[in-house]
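Architecture at a glance
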2 protein chains.
Amino acid sequence: MFNDFRLAAGRPVYIQVRDYLKGLILKGALQSEQKLPSTRELGELLGVSRNSVISAYTLLEEEGFIYAQAGRGSYVASDASLPGPAADAEPWRMDWKERMSRQARQAVELDHMKRGLRAEKGTISFTSIAPDEQLFDLENVKRAFLDRMAMEGRVLLNYGYAKGYKPLMDYLLNYMESKGVDLQGKDILITNGFTEGLDIVLSALHRESGGAVICENPTHYTAIKNLKLHGFEITGIPMDPDGIDLERLEEALAERAYDCAYLVPSYHNPTGIVTSAEKRLALLQLFSRYRIPVIEDGFNEELRYSGSHVAPLIAMAGTGNSVVYLGSFSKVLFPGIRVGWVLADRALIDSLESVKRARSIHTSTLDQSLLFQYLQNGNLEKYLKKARMEYKRKYEWTKACCERYIPFSRLSGSGGLHLFIEFPEDFDTWKLLEACSEQGVIFTPGDMFYTDGRGRNTMRIGFSRVSDEDIGTGIRLIGETAAKMMGN
Amino acid sequence: MFNDFRLAAGRPVYIQVRDYLKGLILKGALQSEQKLPSTRELGELLGVSRNSVISAYTLLEEEGFIYAQAGRGSYVASDASLPGPAADAEPWRMDWKERMSRQARQAVELDHMKRGLRAEKGTISFTSIAPDEQLFDLENVKRAFLDRMAMEGRVLLNYGYAKGYKPLMDYLLNYMESKGVDLQGKDILITNGFTEGLDIVLSALHRESGGAVICENPTHYTAIKNLKLHGFEITGIPMDPDGIDLERLEEALAERAYDCAYLVPSYHNPTGIVTSAEKRLALLQLFSRYRIPVIEDGFNEELRYSGSHVAPLIAMAGTGNSVVYLGSFSKVLFPGIRVGWVLADRALIDSLESVKRARSIHTSTLDQSLLFQYLQNGNLEKYLKKARMEYKRKYEWTKACCERYIPFSRLSGSGGLHLFIEFPEDFDTWKLLEACSEQGVIFTPGDMFYTDGRGRNTMRIGFSRVSDEDIGTGIRLIGETAAKMMGN
């Protein structure tokens, strides 16, 4: 006994001794009423100080696992061993797979993260569109945390409000106003990132007979997944180089009713297309005419490299209240901090607030306050300057490589963190992936972004986290492999 | 112009100048192609350094709001003013209230936070059961943050995994094992607090015809609310002093089928009752016999003041897999950090992982890593020692006050952060609240915790955040007011 104790670094010794003894008691290796070694003795046996054993015994006493008898030593408590299942009763084991709801089954089916290719070490992976973590300014994040903790640490650690942390809400309202949004009659809700925002909005929307949504095709996979999980029937409209195809959109709108539209006007995922200002206006007028509210995904708006200012739809809508804007800094700043927001009509936000409270009470105050202080300290501007420059360089380099090596029929993406490639109709990017992956290069086949099962001839190239050298090597390999497959 | 600029503290000056000028441009106060003052001139007008103006102009240029002409100065860009809604089109305003789903309407209806009494300054409020923030050990929280940031700051700020942050998952698995849980075949999912955990479990459970659940009556309000939002029909079974009434439970189980049970075995909310070890075993056998999975709410388990060790249901179930345990340190440690967990059968967790990913990608890595490091550093033990002592003292004092002043017919609660009081059947605690609130004391009427509309004669007294003096004054006032109402 006591010879399998191993001390680990970075955790108080007395707690490790407590954990160890508790384990022995629970396993029955130390039994009810058994006398424990003296503190001096056990200290020697375990190779720890006597004081650590004393503290461990004290803790175990408080927790009711052992008791002390004056002058006689410590004993294992008689009720400390586990009651456990009545020995005669066979514990019931059920089949959970059989008890899963339709939604849970569908969530598993649509969970492509569970079926994605695992990048082995050394693989050049173009699958991610997460930010490059080498750009993170950790010192300023630390500073923001310490600043805020010093100001109101206790507030940050206790319950907050479902709508959000007030200083952050105010900051973001100003921020959205500075994008040209008319805030009159609007309000904001802080969410656990974009995804919770979308999920809450979708669950709050009344739907005629299951629900129908119209969106760009291809579009953001998470949106497709969540729309399906909420039972929406999805109609996707093809993309032109300056945004959704207006003519096709109008035809579709004339044909049947929709409960809402979902649009990604800036750095559209996966095509990287920025919808032009003219088209944004035309879209608003069209949806207004057909009385269809619009969910605007503000995705990556902040990353625009070019100088020209294009307002989000919600700004262009002026005093109109039919646009619901979903914002997030996840792709721009730190995805690990799960903070997003919904900016919309006040009556809608009022309902969403109650849904949010039922879902998760509120978003982490710690995350919200850290993000607020980071923004307030003026770090976003500095960070964006650095990030835009770096991503722009990578974007241009990736694009140049694609143009040189890949036999595409269309290349789109005017910035952001990714490019989108279309091959001739009969080309299969899953086969390309298979061939490339054997040679240590992977990317995302584009069909998962399509609402109608098409797109087997497309792919997304995320370059944000790939080094310049690997971009060169990887794109060249993809291009050469594709060319071979095309028989060139 | 420029005379309404006000400098605020704690934000870089050049950013404030940028924000200010951007505002003028967006509002149209500065118009297309208008010449801006020189940097020296504007610096003087605004009372800021010339350098700040130079930096602000640079930023505005990058953002496309102004442009510079060599030797001539800076101008407002021609496309900088907002496109805005086409002047001739009346912006469409829709009625969002009409577009809300059944679930959203119900979430608003059941959102008692929106209808609760607001405590005015000076009010003695027994409505909260949040932890006393004076107990928070901010220094150790800071230490944990800095420790973790130093080790892997970049990892913490980028995307994590839907299941959770590995070191925290491992810590919690050990922690649950030390409560006696057989981990074989089980797995863990980290959630945004208890509430998201419950919401995800409920949405994943297959239900026959809408769903039926059996639980304690009264019970945790958030659970009642979320069960209703998920469409469950709720059957509540009355409480004995040592837990749910077993006889009534068995009668109910014999009568009809249930999809699941929901139980709060420790410091039951709102009654404060701890279910005895014997009753826990009996409950498991009963639910096992009727083939009903149990959702166990681990609420406040950590706060037990008394020494005796009572294992959670999931530990007593041994190798059985029918108990789903929902854990959280929110009421014990820091509610502002939204981290909870679901411990359950591996096949179930696998499905829940996909639902979680669809809901919110993953729980904040920052929160998870901070919590992990705080626990790893051995702070929980120290903190619990302090917290248990403090809450025990307050509990005993509150109980003594209630016994002295309040004409109750039953007082329950063996610890935790609250007590539950029942008056004779015809007494109305809403009327009592009205009378007390006029005198500056509020509490939570108990009917909201009942599954069947009863409980108008009950109330919950949360004492965690009330000072000793206020406890004395407040309970006395409640007692005297109640006595008056009863005609004594």
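Residues numbered from 1 in each chain as written. Chains lettered and ligands numbered in written order. Predicted model: local features only at pLDDT ≥ 70, side-chain atom pairs only at ≥ 80, totals over all residues. Heavy atoms only, no water.

**Examining the overall build of chain A**
Inclusion rule: What counts as a helix is a DSSP run of H or I of at least four residues, what counts as a strand is a run of E of at least two, and both are numbered from the N terminus. Only protein chains enter the accessibility calculation, which uses a 1.4 Å probe; a residue is then buried when its area is under 20% of its type maximum, exposed when over 50%, and partly exposed in between. Working rule for contacts: check all heavy atoms of both residues, and any pair within 4.5 Å makes them a contact. The method behind every accessible area is Shrake-Rupley, applied with a 1.4 Å probe, and residues are considered shielded solely by the protein chains displayed. The sign given to each residue is positive for Lys and Arg and negative for Asp and Glu; His and the chain ends receive no count. By convention, the charge on Lys lies at NZ, on Arg at CZ, on Asp at CG and on Glu at CD.
Assigned secondary structure in chain A consists of 16 helices and 16 strands. Overall, the C-alpha framework of chain A stretches about 90 × 60 × 50 Å when taken along its three principal axes. Buried residues in chain A amount to 62% of all 488 residues. Long-range pairs, those at least 24 residues apart, make up 74% of the contacts in chain A with a sequence separation of at least 6. Total accessible area on chain A stands at roughly 18,700 Å², and carbon and sulfur atoms take up 49% of it. Charge centroids of chain A, computed over 59 positive and 64 negative side chains, lie 4 Å from each other.

**Overview of the UniProt feature "domain: HTH gntR-type" (unreviewed entry) in chain A**
Our working definition: UniProt positions are given in the numbering used here, feature names are shortened, and annotations may be inferred rather than shown by experiment.
Within the UniProt annotation, "domain: HTH gntR-type" (unreviewed entry) is assigned to residues 11-79 of chain A. Across residues 11-79 of chain A, the secondary structure splits into 52% helix and 12% strand, with the terminal C-alpha atoms separated by 28 Å.

**Examining helix α1 (residues 13-27) of chain B**
Convention followed: Here the expected length of a helix is defined as 1.5 Å per residue gap, with one fewer gap than residues.
The end-to-end C-alpha distance of α1(B), which contains 15 residues, comes to 21 Å, matching closely the 21 Å that a straight helix rising 1.5 Å per residue would cover. Along α1(B), the residues classified as buried are Ile15(B), Gln16(B), Val17(B), Arg18(B), Tyr20(B), Leu21(B), Lys22(B), Leu24(B), Ile25(B) and Leu26(B). Among the structural elements, α6 (166-177) and α14 (379-405) of chain A together with α2 (39-46), α3 (50-62), β1 (66-69) and β2 (73-76) of chain B are those in contact with the buried residues of α1(B). Trailing α1(B) by a residue or two, Gly28(B) shows a phi angle of about 90°, which is positive.

**Some details on the relation of the copies chain B and chain A**
Convention followed: Least squares is the method for superposing the copies, and the C-alpha atoms it fits come from residues with pLDDT of at least 70 in both.
Overlaying chain B with chain A gives an RMSD of 0.1 Å, the required rotation being 180° about an axis along which the chain moves by 0.0 Å. Taken together, the rotation and translation describe the operation of a two-fold axis. The fraction of interface residues of chain B whose copies in chain A are also interface residues reaches 100%, indicating that both copies meet through the same surface.

**Details of the interface of chain B and chain A**
Going by this rule: Buried area is understood as the total, over both parts, of accessible area removed when two parts are fitted together, assessed with a 1.4 Å probe. One side-chain nitrogen of Lys or Arg within 4 Å of one carboxyl oxygen of Asp or Glu is enough to make a salt bridge. Pairs of N or O atoms are called polar contacts if they sit within 3.5 Å, as long as, within protein, a hydrogen donor faces a hydrogen acceptor (for residues adjacent in sequence, only side-chain-to-side-chain pairs). Following the grouping adopted for this structure description, the nonpolar residues are Ala, Val, Leu, Ile, Met, Phe, Trp, Tyr, Cys and Pro, the charged ones are Asp, Glu, Lys and Arg, and the polar ones are all others, Gly among them.
Across the contact, 127 residues belong to chain B and 127 residues belong to chain A. Buried area between chain B and chain A, summed over both chains or domains, comes out near 11,200 Å², and the portion from carbon and sulfur atoms is 57%. It is Trp92(B), Trp96(B) and Arg154(B) in chain B that bury the most area against chain A; as a group they hold 8% of the surface buried on that side. At the junction of chain B with chain A, the criterion picks out 18 salt bridges. Salt-bridge contacts for Asp350(A) lead to Lys97(B); the nearest nitrogen and oxygen are separated by 3.8 Å. In this assembly, chain B and chain A are joined by 60 residue pairs in polar contact (both at pLDDT 80 or more). The dominant element in the side of chain B that touches chain A, judged by the number of residues it contributes, is helix α12 (residues 346-360) of chain B, at 11 residues. Here the residues of the side of chain B that touches chain A sort into 55 nonpolar, 39 polar and 33 charged.

**Notes on the pairing of strand β16 (residues 458-462) of chain A**
All names here are of chain A. So the rule is basically this: DSSP-based pairing: two strands are paired if at least 2 bridges between them are found.
Within β16, 5 of the 5 residues are buried, which leaves the element mostly enclosed by the surrounding structure. Taking every second residue as pointing to the same face, both faces of β16 are buried, with Thr458, Arg460 and Gly462 on one and Met459 and Ile461 on the other. With 5 bridges connecting them, strand β13 (residues 418-422) and β16 associate as antiparallel partners. By the bridge assignment for β16, glutamate 422 is matched with threonine 458. Strand direction decides the pairing type here: strand β15 (residues 444-445) and β16, joined by 2 bridges, are antiparallel. Looking at the pairing, threonine 444 lines up with arginine 460 of β16.

**A few points about the packing of aromatic side chains**
Stated formally: Under the pairing criterion, centres of Phe, Tyr and Trp rings, with the six-membered ring standing for Trp, must be within 6.5 Å; the plane angle then separates stacked pairs below 30 degrees from edge-to-face pairs above 60, leaving the rest tilted. Criterion for a charge above a ring: Arg CZ or Lys NZ at most 6 Å from the ring centre, at most 35 degrees from the ring normal.
Applying the stated criterion to the full structure yields 25 aromatic pairs over all chains. When the ring of Tyr175(A) is compared with that of Trp341(A), the centres are 6.4 Å apart and the planes differ by 80°; the resulting orientation is edge-to-face. With Tyr175(A) in helix α6 and Trp341(A) in strand β11 (residues 340-345), the pair connects residues that are 166 residues apart, well separated along the chain. The residues Tyr175(A) and Trp341(A) share a single accessibility class, namely buried. Ring-pair connections join several aromatic residues into one group, and the members of that group are Phe136(A), Phe334(A), Tyr374(A) and Tyr383(A). The ring of Phe232(B) has Arg207(B) lying over it, and the distance from NZ or CZ to the ring centre is 4.9 Å.

**Re the sheet that holds strand β12 (residues 410-412) of chain A**
Within a sheet, adjacent strands bond to each other through the backbone by hydrogen bonds, running parallel or antiparallel. In space, the 4 strands of this open sheet follow the order β12-β13-β16-β15 (chain A), with antiparallel pairing throughout. For this open sheet the edge positions go to β12 and β15 of chain A, each flanked by a neighbour on one side alone.

**Quick notes on helix α2 (residues 39-46) of chain A**
All names here are of chain A. Counted only if it meets this: An arc is given here, and it is the one of the directions from the helix axis to the C-beta atoms.
Three or more residues of α2 are buried, namely Thr39, Leu42, Gly43 and Leu46. Buried residues of α2 fall within an arc of 105° about the axis and therefore sit on the same side. Facing away from the buried side of α2 by more than 90 degrees, the exposed set consists of Arg40 and Glu44.

**Side note on the pattern of salt bridges**
Counting across every chain of the model gives 70 salt bridges over all chains. Glu62(A) is paired through a salt bridge with Lys385(B); the nearest N and O atoms lie 2.9 Å apart. Here Glu62(A) is found in helix α3 (residues 50-62), whereas its partner Lys385(B) is found in helix α14 (residues 379-405) on a different chain. Overall, the relative accessible area of 30% leaves Glu62(A) in the partly exposed class. Where Arg393(A) meets Asp468(A), a salt bridge forms, and the shortest distance between an N and an O atom there is 2.4 Å. Placement of Arg393(A) in helix α14 and of Asp468(A) in helix α16 (residues 468-485) is noted, with a sequence separation of 75 residues between them. The partly exposed category is assigned to Arg393(A), whose relative accessible area is 36%. When salt bridges that share partners are traced, they join Arg11(A), Arg18(A), Asp19(A), Lys22(A), Glu63(A) and Glu381(B) into one network.

**Looking at the side chain of His230(A)**
Tracing the chain through its elements places His230(A) in the loop between α8 (221-229) and β6 (233-240). Excluding its chain neighbours within four sequence positions, the residues that come into contact with His230(A) are Asp199(A), Leu202(A), Ser203(A), Arg207(A) and Gly210(A).

**Points about the sheet that holds strand β12 (residues 410-412) of chain B**
All names here are of chain B. As a reminder, the rule being used: Note on definitions: angles span 0 to 180 degrees between N-to-C directions of axes, and those axes are lines fitted to C-alpha atoms, for helices only across the stretch in contact.
With antiparallel pairing, the 4 strands of this open sheet are ordered in space as β12-β13-β16-β15. The strands lining the two open edges of the sheet, one partner per strand, are β12 and β15 (444-445). Contacts between α14 and the sheet are confined to β12, β13 (418-422) and β16 (458-462), with β13 contributing the most and set at about 20° to the helix.

**Brief notes about the environment of Thr275(B)**
All names here are of chain B. Structurally, the position occupied by threonine 275 is in the loop between β8 (260-263) and α10 (277-289). The exposure class of threonine 275 is buried, given its relative accessible area of 1%. Separated by 12 residues in the primary sequence, threonine 275 and leucine 263 place their C-alpha atoms 9.8 Å from one another. If near-sequence neighbours (up to four positions away) are discounted, threonine 275 is found in contact with Asp242, Gly243, Pro265, Arg280, Leu283 and Val310.

**A short note on the packing of α6(A) against helix α13 (residues 365-376) of chain A**
Residues and elements named next belong to chain A. The following threshold applies: Any angle that is under 35 degrees is reported as roughly parallel, and any over 145 degrees as roughly antiparallel; angles of 65 to 115 degrees are reported as roughly perpendicular and all others as oblique. Crossings are assigned a handedness: left-handed for a near helix turned anticlockwise from the far helix by less than a right angle, right-handed for a clockwise turn.
Where α6 meets α13, the axes come as close as 8 Å, and the angle between the chain directions of the two elements is 45°. Here α13 runs oblique to α6, going by the angle between their axes. α13 is crossed by α6, and the crossing has left-handed handedness. Here Pro167, Leu168 and Tyr171 of α6 lie close against α13, whose contacting residues are Gln368, Leu371, Phe372, Leu375 and Gln376. When grouped by side-chain class, the residues that make up the contact of α6 with α13 number 6 nonpolar, 2 polar and no charged.

**Here we look at the domain arrangement of chain A**
By convention, interface size is frequently given as the accessible area that disappears when the constituent parts associate. Residue and element names in this part refer to chain A. Selection criterion: For each domain, the first and last residues come from an automatic or database assignment.
We note that the domain assignment places domain 1 (13-76), domain 2 (115-134 + 386-485) and domain 3 (136-380) within chain A. The straight-line distance from the C-alpha centre of domain 2 to that of domain 3 is 27 Å. With 28 residues of domain 2 at the interface, the matching set in domain 3 holds 30 residues. Both sides of the domain 2 and domain 3 interface together cover about 2,400 Å² of buried area, and 59% of this is carbon and sulfur. For the pair domain 2 and domain 3, the number of links is 0 salt bridges. Looking at the side of domain 2 that touches domain 3, the elements with two or more residues in it are α14, β12 and β13. The biggest single contributor to the side of domain 2 that touches domain 3 is α14, with 5 residues. Of the residues assigned to the side of domain 2 that touches domain 3, the class counts are 11 nonpolar, 8 polar and 9 charged.

**Concerning the environment of Pro167(A)**
All names here are of chain A. When you line up the elements, proline 167 lands in helix α6. Here the alpha-carbon distance between proline 167 and arginine 6, two residues 161 residues apart in the chain, equals 47 Å. Other than its neighbours up to four places away in sequence, proline 167 contacts Arg148 and Phe372.

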